[in-house]
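For reference, the chains in residue letters:
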Amino acid sequence: MTQELWSTVDGYLADAMIPADPVLDAALADSRAAGLPSIAVAPNQGKLLNLLARGVGARSILEIGTLGGYSTIWLARALPDGGKLVTCEYERKHADVARANLTRAGFGEDVVEIRVGAALDTLPRLTGPFDFIFIDADKANLAGYLSESVRLSRPGTMIVVDNVVRRGAVADPGATDPAVVGVRAMNELIAREPRLDATTLQTVGAKGYDGLTVALVV
């Protein structure tokens, strides 16, 4: 199994199941042109987020980690009329790119609100509950993000956390990379948090070998 094969299969699946979308393509292109890191979710992952949010009937969505707004567009499209999405982004430059991408996608500030600043500073100022939460920000602070997400949830809220396998490093107890340490701290929090029922799935694809955690607030 190789990265080339994973990417080829991802491409085939996206072509087979996800129609061409100029708005999403433009969001990625403008993010690249602005020099943002190429770490947005893959198309099939974006569609998964959309389906999960629709599946729980989410009317209020929280995203931690906006980047250029690619995943934000997928999530905003899951909202019914009158729904609202709040997304937290540390870098103002990223937020500006995301805002332009969201505007082109038809989502104004009445639907998507971007909070700029460190999420651990902005999250305590939010009030919930949110029906669906997607965490895709710096991994060193995952435990803090998850703790705030639980506070902002209700029974039935679904929380999805991306990039939690770290190419298998998460299983290495001696790993010292802050991202890996952060994922392990989050896992320890999940294990002792009675309000969460969760699992983690390993994934391969255009984004390499990683995984995501899905938690239900009970």
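In case you missed it, the structure is sitting above this.
Since the structure is predicted, the reported quantities are computational estimates derived from the model, not experimental observations.

So, the side chain of Ser149
Item 1. Turning to its location among the elements, Ser149 is positioned in helix H7 (residues 142-151).
Item 2. On the basis of relative accessible area, Ser149 is assigned to the buried category, the value being 1%.
Item 3. Within the local environment of Ser149, its side chain forms a polar contact with the backbone oxygen of Tyr145, the two atoms lying 2.8 Å apart.

Concerning the environment of Glu63
Item 1. Along the chain, Glu63 turns up in strand E1 (residues 60-64).
Item 2. On the basis of relative accessibility, which here comes to 0%, the residue Glu63 falls in the buried class.
Item 3. Sequence separation of Glu63 and Asp136 is 73 residues, and the distance between their C-alpha atoms is 7.6 Å.
Item 4. Beyond its immediate stretch of four places on either side in the chain, Glu63 contacts Ser71, Thr72, Leu75, Val86, Thr87, Cys88 and Phe134.
Item 5. Polar side-chain contacts of Glu63 include one of 2.6 Å to the side chain of Thr72.

Description of the side chain of Thr157
Item 1. By the secondary structure assignment, Thr157 is in the loop between H7 and strand E5 (158-162).
Item 2. Ignoring any residue separated from it by four or fewer positions in sequence, one finds Thr157 in contact with Phe130, Asp131, Phe132, Ile133, Ala215, Leu216 and Val217.

Quick notes on the packing of helix H2 (residues 22-33) against helix H5 (residues 92-104)
Item 1. Contact pair H2 / H5: the axes reach a minimum separation of 10 Å and the direction vectors enclose 160 degrees. Here H2 is positioned roughly antiparallel relative to H5, judged by the angle of their axes. For the pair H2 and H5, the sense of crossing is right-handed. The segment H2 lies against H5, with Ala26, Ala27, Asp30 and Ser31 engaging Val97, Asn101 and Arg104.
Item 2. In terms of residue class, the contact of H2 with H5 is made up of 3 nonpolar, 2 polar and 2 charged.

A word on the nonpolar core
Item 1. Counting residues in hydrophobic clusters, the biggest one holds 33 residues, and the most contacted among them are Ile61, Leu75, Phe107 and Phe132.
Item 2. At the level of elements, H2, helix H3 (43-55), helix H4 (70-76), H5, strand E3 (112-116), strand E4 (132-135) and E5 are the ones that each hand at least two residues to this core.
Item 3. Ranked by residue count, the leading element in this core is H4, at 5 residues.
Item 4. Membership of the second largest hydrophobic core comes to 28 residues, among which are Leu123, Val161, Val165 and Met186.

Some points on a nonpolar patch on the surface
Item 1. Together, Met1, Leu5, Val9, Tyr12, Leu13 and Met17 make up a nonpolar patch on the protein surface, roughly 680 Å² of accessible area in all.
Item 2. Structurally, Leu5 can be placed in helix H1 (residues 3-17).
Item 3. Here Leu5 falls in the partly exposed class, since its relative accessible area comes to 40%.

Cut-offs and rules
- Residues numbered from 1 in each chain as written.
- Predicted model: local features only at pLDDT ≥ 70, side-chain atom pairs only at ≥ 80, totals over all residues.
- Heavy atoms only, no water.
- Helix = DSSP H or I, 4+ residues; strand = E, 2+ residues; numbered from the N terminus.
- Buried < 20%, exposed > 50% of the residue type's maximum accessible area, 1.4 Å probe, protein only.
- Polar contact = N/O pair within 3.5 Å; in protein donor to acceptor, adjacent residues only side chain to side chain.
- Contact = heavy atoms within 4.5 Å.
- Axes fitted to C-alpha atoms, helices over the stretch in contact; angles between N-to-C directions.
- Parallel < 35°, antiparallel > 145°, perpendicular 65-115°, else oblique.
- Left-handed = near helix turned anticlockwise from the far one by under 90°.
- Nonpolar A, V, L, I, M, F, W, Y, C, P; charged D, E, K, R; others polar.
- Core = buried A, V, L, I, M, F, W, Y, C linked by side-chain atoms within 4.5 Å.
- Patch = residues over 30% accessible without salt bridge, like charges linked within 9 Å, V, L, I, M, F, W, Y side chains within 5 Å.
- Areas by Shrake-Rupley, 256 points an atom, 1.4 Å probe, with all protein chains shown as cover.
- Salt bridge = Lys/Arg side-chain N within 4 Å of Asp/Glu carboxyl O.

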